[in-house]
Amino acid sequence: MNTKLSVEHVYKVFGAHPKRALERIEKGQTKDEIFAATGMTVGVSDASFDVEEGEIFVVMGLSGSGKSTLVRMLNRLIEPTAGSVRIDGQDITRMTHKQLIALRRREISMVFQSFALMPHQSVLENTAFGLAVAGVAREQREETALAALDAVGLKANAHSYPDELSGGMKQRVGLARALAVNPGILLMDEAFSALDPLIRTEMQDELLRLQSEHARTVVFITHDLDEAMRVGDRIAIMQGGTVVQVGTPEEIVREPANEYVRSFFRGVDVSHVFTAADVARRDQVTVMERPGVSVRAALERLREYDGSAAVVHDRGRAYQGVVSVDSLMACIDSLGRRDEGRIEDAFINDIQPVSADTPLTELMTQVAESAYPVPVVDENGRYKGSISRATLLHTLDRTDKGAA
């Protein structure tokens, strides 16, 4: 993947003499100490991270953690005190006002918590607003705006007015307006937090659907853990103006950086977070299918490693099947004394592999009912490991133990 957005050592200090605050930060003073001594507020301190092209990058934290300040520095609605923000390698902190306006018009759109629709304009006019400001001809901008409304399911409401729409519909218009300019980066600041829970979930689904059809680079601000886990490819956790951890939901649940992060994820139902690949283990006995590997040889290997079952794969680790002591013995009993037999004749037919990206919620029953560990394969059919009942139970129990 390519890096679309790069944030490097970005600071924001609110106050009359921000450089003095930066000097205190360098000396190790905290945000509270600096405010007590100078009256200046450190909004963001030394934030650094990259956002890859086409991913939904979530920034989350408690109120006052600096997340909204941070997202507004990504398009310079708030001027950084120090550091750089690069889009496609270009440092926007060094751009002139004219260059910045051009960048905002063509490259970055923003969706706010408030719908910010103009009541005297129709849904179509609201959606086309950014295009109108950019000087796009009326016929072209209306055609583009209609396509954006169609994408969010509101084409039929193009000639309605904001006061005729529900809250969820208004936010869809806001999203359509942002999408109409076909931005390379979409900034969403608590975009769904003002909505009722059911509508909020629908909007999350809508965002994920749009992303599956046209992957945009999205920076999504939220204070809600469930929302972050649901939509985020990666999550940055902010605490007191500082980015304390960046990682996938699975990485953060598995290894929280500190107690603050751990408190966010304590009690998370990991079955909704982890996939089969996250918990598969590679300590299952395996047999490579190649010339000379017979049923008798496979049985000997199982006995040597004191195993009850083995996964069979080829030289390229492509999954072939599962054999057990019982299935191998049954196969040998049907052979002549000198017949080595084919290992595929001993495969256990009712064991089916699961895809590496299968959520745990979808494979719990299969693992629980299987007499042997369930094999996990990647998108090319290569063996990645196996999940036993014990492994699954340990994974499901890990959050409670981590909270103790």
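Residues numbered from 1 in each chain as written. Predicted model: local features only at pLDDT ≥ 70, side-chain atom pairs only at ≥ 80, totals over all residues. Heavy atoms only, no water.

Draft legend 1. Main features of the overall build of the chain. In terms of regular secondary structure, the chain is built from 17 helices and 16 strands. Along the three orthogonal principal directions, the C-alpha set of the chain runs to about 90 × 60 × 35 Å. Buried residues in the chain amount to 48% of all 404 residues. When contacts within the chain are restricted to residue pairs at least 6 apart in sequence, those whose partners lie at least 24 apart make up 67%. If the 46 positive side-chain charges of the chain are averaged to one point and the 58 negative ones to another, these points end up 6 Å apart. (Helix = DSSP H or I, 4+ residues; strand = E, 2+ residues; numbered from the N terminus. Buried < 20%, exposed > 50% of the residue type's maximum accessible area, 1.4 Å probe, protein only. Contact = heavy atoms within 4.5 Å. Lys, Arg positive; Asp, Glu negative; His and termini not counted. Charge placed at Lys NZ, Arg CZ, Asp CG, Glu CD.)

Draft legend 2. Looking closely at the pairing of strand S3 (residues 56–60). Along S3, five of the five residues are buried, which leaves the element largely enclosed by surrounding structure. The two faces of S3 match: Ile 56, Val 58 and Met 60 on one face and Phe 57 and Val 59 on the other face are all buried. Sheet topology note: the S3/strand S8 (residues 217–222) ladder contains five bridges and is parallel. Its bridge partner lying in S8, Ile 56 is registered against Val 218. Bridge count for S3 against strand S9 (residues 234–239) is four bridges, and the pairing is parallel. Bridge assignment links Val 58 to a residue of S9, and that residue is Ile 235. (Pairing = 2+ DSSP bridges.)

Draft legend 3. Region of the structure containing the nonpolar core. If you look at the biggest cluster of nonpolar residues, it comprises 60 residues, and the most contacted ones within it are Leu 175, Met 188, Phe 220, Ile 237, Phe 265 and Ile 387. A per-element tally of this core places helix H8 (residues 167–180) first, with six residues. Counting the residues that make up this core, at least three belong to each of domain 1 (3–107 + 183–265) and domain 2 (277–400). The contact partners of Leu 175, leaving out residues within four places of it in the chain, are Val 111, Val 152, Leu 186, Met 188, Met 203 and Leu 210. Counting 29 residues, the second-largest nonpolar core is a separate cluster that includes Leu 5, Val 44, Val 71 and Leu 74. (Core = buried A, V, L, I, M, F, W, Y, C linked by side-chain atoms within 4.5 Å. Domains from an automatic or database assignment.)

Draft legend 4. Expanded view of the pattern of salt bridges. With the rule as written, the count across this model stands at 15 salt bridges. A salt bridge links Arg 72 to Asp 189, with the shortest nitrogen-to-oxygen separation between them at 2.3 Å. With a gap of 117 residues between them, Arg 72 in helix H3 (residues 67–73) and Asp 189 in strand S7 (residues 185–189) connect regions that are remote in the sequence. By relative accessible area, Arg 72 is classed as partly exposed at 22%. By relative accessible area, Asp 189 is classed as buried at 5%. For Asp 205, the salt bridge is made with Arg 230, and the minimal N-O distance between the two is 2.5 Å. Placement of Asp 205 in helix H9 (residues 197–213) and of Arg 230 in helix H10 (residues 225–231) is noted, with a sequence separation of 25 residues between them. Taking the relative accessible area as the measure of exposure, Arg 230 reaches 37% and is therefore partly exposed. (Salt bridge = Lys/Arg side-chain N within 4 Å of Asp/Glu carboxyl O.)

Draft legend 5. Region of interest: the packing of helix H1 (residues 18–26) against helix H2 (residues 31–38). As a packed pair, H1 and H2 sit with axes 10 Å apart at the nearest point and diverge in direction by 140°. As far as their axial angle goes, H2 and H1 are oblique. Handedness of the H1/H2 crossing: right-handed. Facing H1, whose interface residues are Ala 21, Arg 24 and Ile 25, H2 presents Ile 34, Ala 37 and Thr 38. When the residues that make up the contact of H1 with H2 are grouped by side-chain class, the tally is four nonpolar, one polar and one charged. (Axes fitted to C-alpha atoms, helices over the stretch in contact; angles between N-to-C directions. Parallel < 35°, antiparallel > 145°, perpendicular 65-115°, else oblique. Left-handed = near helix turned anticlockwise from the far one by under 90°. Nonpolar A, V, L, I, M, F, W, Y, C, P; charged D, E, K, R; others polar.)

Draft legend 6. The arrangement of the environment of Arg 24 in detail. Mapped onto the secondary structure, Arg 24 falls in helix H1. Residue class for Arg 24 comes out partly exposed when judged on its relative accessible area of 27%. Contact partners of Arg 24, with chain neighbours within four places excluded, come to Gln 29, Ile 34, Ala 37 and Thr 38.

Draft legend 7. Structural detail: the pairing of strand S10 (residues 242–247). Two strands pair when backbone bridges link them, and S9 and S10 are joined in this way by five bridges, in the antiparallel orientation. Within S10, the residue paired with Ile 235 across the bridge is Gly 247. Between the end of S9 and the start of S10, which pair antiparallel, lie two residues, with Gly 240 showing a positive phi angle near 55°.

Draft legend 8. Broad picture of the sheet that holds strand S14 (residues 354–355). Spatially, three strands are ordered S14-S15-S16 in an open sheet, and the strand pairing comes out mixed. Each edge of the sheet is formed by a strand with only one pairing partner; in this case those strands are S14 and strand S16 (383–387).

Draft legend 9. Region of interest: H9. Compared with the 24 Å implied by 1.5 Å per residue over 17 residues, the 25 Å span of H9 between its first and last C-alpha is a close match. Inspection of H9 places Arg 200, Met 203, Gln 204, Glu 206, Leu 207, Leu 210 and Gln 211 among the buried residues, and these make up the whole buried set. Taken around the axis of H9, the buried residues stretch over an arc of 155°, which confines them to a single face. Every exposed residue of H9 that faces more than 90 degrees away from the buried side is listed here: Leu 198, Ser 212 and Glu 213. On its buried face, H9 sits against S3, helix H7 (138–151), H8, S7, S8 and H10. (Expected span 1.5 Å × (residues − 1). Arc of directions from axis to C-beta.)

Worth remembering: the numbers are spatial, not functional.
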